[in-house]
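# Coordinates in review
Here's the letter readout for the chains.
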Amino acid sequence: MRAVVQHGTGGPEVLNVEDRPEPHRGEGEVLIRVEAIAVPFYETQLRSGLIPAGGEPSVFGHEAAGTVVEADDRSLVGRRVVTMSFTGGAYAEVVAASQYTLVPETVSAEHAVAAAVPASMAVALLRTANVVEGETVLVEAASGAIGGHLARLAGRRGARVIATAGKGKADADVVLDHNDPAWRKNVSEGIDVVFESIGGPRAAELTAKLAPRGRILAYGLLSGEFATFSVADLAARGLTLIGFGGLDAYAKDVAAARAEALDLVADGTLTPVIDRTYPLAEAAAAHARVESREGAGRVVLVP
Ligand SMILES: NC(=O)c1ccc[n+]([C@@H]2O[C@H](COP(=O)([O-])OP(=O)(O)OC[C@H]3O[C@@H](n4cnc5c(N)ncnc54)[C@H](OP(=O)(O)O)[C@@H]3O)[C@@H](O)[C@H]2O)c1
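Residues numbered from 1 in each chain as written. Predicted model: local features only at pLDDT ≥ 70, side-chain atom pairs only at ≥ 80, totals over all residues. Heavy atoms only, no water.

The protein has the name Zinc-binding dehydrogenase in an unreviewed UniProt entry, where Amycolatopsis mongoliensis is given as its organism.

Pasting the structure below:
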């Protein structure tokens, strides 16, 4: 099969298309003929080495959707599923997976892979923050997939949503341009919940904008590093800080939300946004597109 293999860290050119043996299905695993692969922003940071990964050259990628071609349970064969692997292997024509979620019949593979991880993150984040009607929430990077779904779902709960995005790339009650280094100064006071995904030392400036006993869900490092807050920052207003590791401590919550997230796509509550699709062989161009930040929505690879 054709697969995209990462050789070292660096620019998009470290991703090469190669012939690789098809994976063997282990016990309890299904074999999936891949139809669509997501290229989220964090994968560009893994590829460049900004987020350390390590290991030998291996098939890159984490999020794939496709059709089951082999399974212990014969009734699964022919069903469309989406899978998320922490250990890579998704940029390929065939993947083996032990964890997968059935995709509703009306949802395409592209939409399933564009939404499964980010929408389930949004559902689990919102649940953990326990956002209620009438609260004001700040959603960072609402032009991204997780942030976009968060803004939509928080709005549906009756929250007032302040969002950040590159120019004009989000839909919320108030949208601030996060490419302006001083954007945090323009956030109004009295925020109940911050969904923090940009990170970096300047995130602490937001503590002054939170209402007493406000909550911060810190889950991303789009700037290249997680946010830093001191206890003094938090104590002044009695804030709660939750470091939301959707791949770690909260992994079960996110995985448990996956089917619900896909149902929200199927019933039209959430609309996955696809920026562009590329053939698998153009994975390097797909990474360059994500890094350019010129588009909005998921870049998707199609084998
Ligand atoms: N905790 C977890 O388990 C977990 C799981 C998955 C993802 N994440 C994190 O969640 C975050 C968002 O992921 P996603 O999949 O929603 O992203 P995405 O859909 O790939 O979108 C990228 C977003 O990042 C913004 N962005 C990129 N660099 C930025 C910077 N330096 N400053 C501000 N904004 C920047 C872009 O904004 P514009 O182009 O509009 O400017 C766009 O909104 C990432 O940090 C990722 O690491 C965490």
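This part takes up the overall build of the protein. In terms of regular secondary structure, the protein is built from 7 helices and 16 strands. Its C-alpha atoms give the protein a radius of gyration of 19 Å, within 12% of the compact-globule value 19 Å for 303 residues. Dimensions of the protein, computed from C-alpha atoms along their principal axes, come out at roughly 55 × 40 × 35 Å. The contacts of the protein with a sequence gap of at least 6 include a subset with a gap of at least 24, amounting to 64%. Accessible surface computed for the protein: about 13,400 Å², of which carbon and sulfur atoms make up 50%. Across the protein, the 28 positively charged side chains and the 38 negatively charged ones have centroids separated by 5 Å. (Helix = DSSP H or I, 4+ residues; strand = E, 2+ residues; numbered from the N terminus. Rg over C-alpha atoms; globule rule 2.2 N^0.38 Å. Contact = heavy atoms within 4.5 Å. Areas by Shrake-Rupley, 256 points an atom, 1.4 Å probe, with all protein chains shown as cover. Lys, Arg positive; Asp, Glu negative; His and termini not counted. Charge placed at Lys NZ, Arg CZ, Asp CG, Glu CD.)

This next bit is on the nonpolar core. As a rule of thumb, nonpolar side chains are buried together in soluble globular proteins. In terms of nonpolar packing, the biggest core is built from 46 residues, with Leu125, Val131, Val137, Leu150, Phe195, Leu217 and Phe244 touching the most fellow members. Where this core is concerned, the elements lending two or more residues are strand 3 (30-39), strand 6 (80-84), helix 2 (109-129), strand 9 (136-139), helix 3 (145-156), strand 10 (160-165), strand 12 (191-196) and helix 6 (258-266). Among the elements that take part in this core, helix 2 stands out by supplying 14 residues, more than any other. Beyond its immediate sequence surroundings of up to four residues, Phe244 is in contact with Met121, Ala124, Leu125, Thr128, Leu217, Ala218, Tyr219, Tyr250 and Val254. Core analysis: the second largest hydrophobic core is formed by 34 residues, Val30, Ile32, Val94 and Leu301 among them. (Core = buried A, V, L, I, M, F, W, Y, C linked by side-chain atoms within 4.5 Å. Buried < 20%, exposed > 50% of the residue type's maximum accessible area, 1.4 Å probe, protein only.)

A few words on the site of the ligand. In the vicinity of the ligand, 27 residues are found, and the nearest of them are Ser143, Ala145, His178, Gly246 and Arg298. The contact in question runs from an oxygen atom of the ligand to an N or O atom on the backbone of Leu221, over 3.0 Å. Contacts to the ligand include Phe244, whose backbone N or O atom sits 3.0 Å from a nitrogen atom. Summarising the interface, the protein chains cover 89% of the accessible area of the ligand, which totals 940 Å² for the free molecule. Mapped onto the shell around the ligand, the elements with two or more residues apiece are helix 1 (41-48) and helix 3. Of the residues in the shell around the ligand, the class split is 14 nonpolar, 10 polar and 3 charged. (Near = heavy atom within 4 Å. Polar contact = N/O pair within 3.5 Å; in protein donor to acceptor, adjacent residues only side chain to side chain. Nonpolar A, V, L, I, M, F, W, Y, C, P; charged D, E, K, R; others polar.)

Take the side chain of Asp275 next. Counting through the fold element by element, Asp275 comes out in strand 15 (residues 274-279). A polar side-chain atom of Asp275 sits 2.8 Å from a polar atom in the side chain of Arg289. Once residues within four sequence positions are removed from consideration, Asp275 is found in contact with Arg289, Gly295, Ala296, Gly297, Arg298 and Val299.

Next up on the list: the pattern of salt bridges. Summed over the entire model, instances satisfying the criterion amount to 12 salt bridges. A salt bridge links Asp72 to Arg25; the shortest N-O distance between them is 2.9 Å. Of this pair, Asp72 sits in the loop between strand 5 (63-70) and strand 6 while Arg25 is found in the loop between strand 2 (15-19) and strand 3, placing the two residues 47 residues apart along the sequence. Between Arg289 and Glu294 there is a salt bridge whose closest N-O contact spans 3.7 Å. Residue Glu294 is classed as exposed on the basis of its relative accessible area, which comes to 61%. Linked through salt bridges whose partners overlap, the residues forming this network are Arg25, Glu70 and Asp72. (Salt bridge = Lys/Arg side-chain N within 4 Å of Asp/Glu carboxyl O.)

In this section: the environment of Thr277. Counting through the fold element by element, Thr277 comes out in strand 15. Taking the C-alpha atoms as reference, Thr277 lies 8.7 Å from Glu110; in sequence the two are 167 residues apart. Excluding residues that lie within four positions of it along the chain, Thr277 makes contacts with Glu110, Val300 and Val302.

This brings us to the sheet that holds strand 2. Taken in spatial order, the 3 strands line up as 2-1-4 in an open sheet, and their pairing is antiparallel. Strands with a single pairing partner mark the edges of an open sheet, and in this sheet they are strand 2 and strand 4 (58-59). As judged from the 5 bridges shared by strand 1 (residues 2-6) and strand 2, these two strands associate in the antiparallel manner. In the strand pairing of strand 2, Gln6 is matched with Leu15. (Pairing = 2+ DSSP bridges.)

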